[in-house]
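Observations on the three-dimensional arrangement
This is what each chain is made of:
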Amino acid sequence: MSVANQIREKIENFPTGYVFTLSDFGLDASYDLALAKLLSRMSSSGEIVRASKGKYYKPRQTVFGALKPSYDELVKDFLMKDGVIIGYISGVSAFSAMGLTTQISSNILIGCNKYRRPVNRAGYKLSFLLQENPITKDSIELLRILDAIKFIQKIPGTTPSEACSIIIELVRHLDEKQTQKLELFSLKYTSYVRAIVGAILEYLNRPMDAVRRSINGVTTYKIAIPESILPTKKNWNIYEPTRK
């Protein structure tokens, strides 16, 4: 069997939506140029789709047209490296899964431990959020909660009040160890995030001494969260913006 036929057979066996690169074929580097040309031709003919430079996928066809890969699959090289977690999906797609919004977005936000420039892939804009806390399987849920607080005034399709109500319930269901980590992780975030975290922890009668010590007692925060949702907010200098 020719190398070209081997490549085509390999692609046939890839599941639809799987994003593959030259390294997935296990060929000697001497075949890289020929492989790249074949994949380019197959992309031009519509047999496969080019997601970005050197990345392709076989789309799943439906009555509504060809489907793109899942977010996790599309950005997997930014989420895992050599079996180690290096990033996580945040932003609108994550907030939707948390029940904070029903909106969808063409932007994918990825939390990672080092600065990266935005890139485009398969019609999506990939942006990166510098995360100073460790990114592990156990920390991702907590980091997403803190990211939701960070963007609480910008989550589409909801209000800060509605978002805060949901976030309170998410925190309520954390166990003691997770709550301690949430407070610890919040110390790497900006002051208004820490203030909201402190107010939520106080409201839920959870320890919040560390975050309290990190807050400047004279700084005030204008965030549209009513006292009916977060009764402890004034203890953390959180006030609703003045209406004109």
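Each remark here, short or long, concerns the structure printed above.
Definitions and limits used
- Residues numbered from 1 in each chain as written.
- Predicted model: local features only at pLDDT ≥ 70, side-chain atom pairs only at ≥ 80, totals over all residues.
- Heavy atoms only, no water.
- Axes fitted to C-alpha atoms, helices over the stretch in contact; angles between N-to-C directions.
- Helix = DSSP H or I, 4+ residues; strand = E, 2+ residues; numbered from the N terminus.
- Parallel < 35°, antiparallel > 145°, perpendicular 65-115°, else oblique.
- Left-handed = near helix turned anticlockwise from the far one by under 90°.
- Contact = heavy atoms within 4.5 Å.
- Nonpolar A, V, L, I, M, F, W, Y, C, P; charged D, E, K, R; others polar.
- Pairing = 2+ DSSP bridges.
- Phe/Tyr/Trp six-rings, centres within 6.5 Å; stacked < 30°, edge-to-face > 60°.
- Buried < 20%, exposed > 50% of the residue type's maximum accessible area, 1.4 Å probe, protein only.

1. Section: the packing of helix 1 (residues 3–13) against helix 2 (residues 32–44)
At a minimum axis separation of 11 Å, helix 1 and helix 2 run at an interaxial angle of 55°. What the angle tells us is that helix 1 and helix 2 run oblique. Judged by the sense of rotation from one axis to the other, the crossing of helix 1 with helix 2 is right-handed. Listed contacts from helix 2 to Ala 4, Ile 7, Arg 8 and Ile 11 of helix 1 are Leu 35, Leu 38, Leu 39 and Met 42. Residue composition of the contact of helix 1 with helix 2, grouped by class: seven nonpolar, no polar and one charged.

2. Quick look at the sheet that holds strand 9 (residues 107–112)
In a beta sheet, neighbouring strands pair by backbone hydrogen bonds and run either parallel or antiparallel. With mixed pairing, four strands are arranged side by side in an open sheet as 8-9-11-10. Each end of this open sheet is capped by a strand with a single partner; those strands are strand 8 (87–90) and strand 10 (119–121). The mean inter-strand angle of the sheet, taken between neighbouring strand axes irrespective of direction, is 35°. The pairing of strand 10 with strand 11 (residues 124–130) spans three bridges and is classified as antiparallel. Across the sheet, the residue bridging to Val 119 is Leu 126, located in strand 11. Along the sheet, helix 6 (residues 140–150) makes contact with strand 8 and strand 11, crossing strand 8 at roughly 45°.

3. Some remarks on the environment of Leu 230
Position of Leu 230 relative to the elements: it lies in the loop between strand 12 (221–222) and strand 13 (238–239). Each C-alpha atom of the pair Leu 230 and Ala 199 lies 7.2 Å from the other, and the pair is 31 residues apart in sequence. If we ignore the near neighbours within four places in the chain, the residues touching Leu 230 are Cys 164, Ile 168, Ala 199, Ile 200, Tyr 203 and Ile 225.

4. Side note on the packing of aromatic side chains
Both the distance between ring centres and the angle between the ring planes are used here to describe each pair of aromatic rings. Within this structure, the stated rule accounts for eight aromatic pairs. Taking 4.9 Å as the distance between ring centres and 70° as the angle between the ring planes, the aromatic pair formed by Phe 78 and Phe 128 counts as edge-to-face. A residue pair is termed long-range when its members are at least 10 positions apart, and Phe 78 in helix 4 (residues 76–79) and Phe 128 in strand 11 qualify at 50 residues. With respect to class, Phe 78 is no different from Phe 128; both count as buried. An aromatic cluster is built from Phe 14, Tyr 18, Phe 20, Phe 25 and Tyr 56, whose rings are joined through pairwise contacts.

5. Section: the sheet that holds strand 2 (residues 49–52)
The sheet built from three strands is open, its strands ordered 1-3-2 with antiparallel pairing. Looking at which strands have only one partner, the edges of the open sheet turn out to be strand 1 (19–20) and strand 2. Direction of pairing for strand 2 relative to strand 3 (residues 55–57): antiparallel, over a ladder of three bridges. Bridged to Arg 50 within strand 3 is Tyr 56. Its contacts with the sheet place helix 2 against strand 1, strand 2 and strand 3, and it is angled at close to 45° to strand 3.

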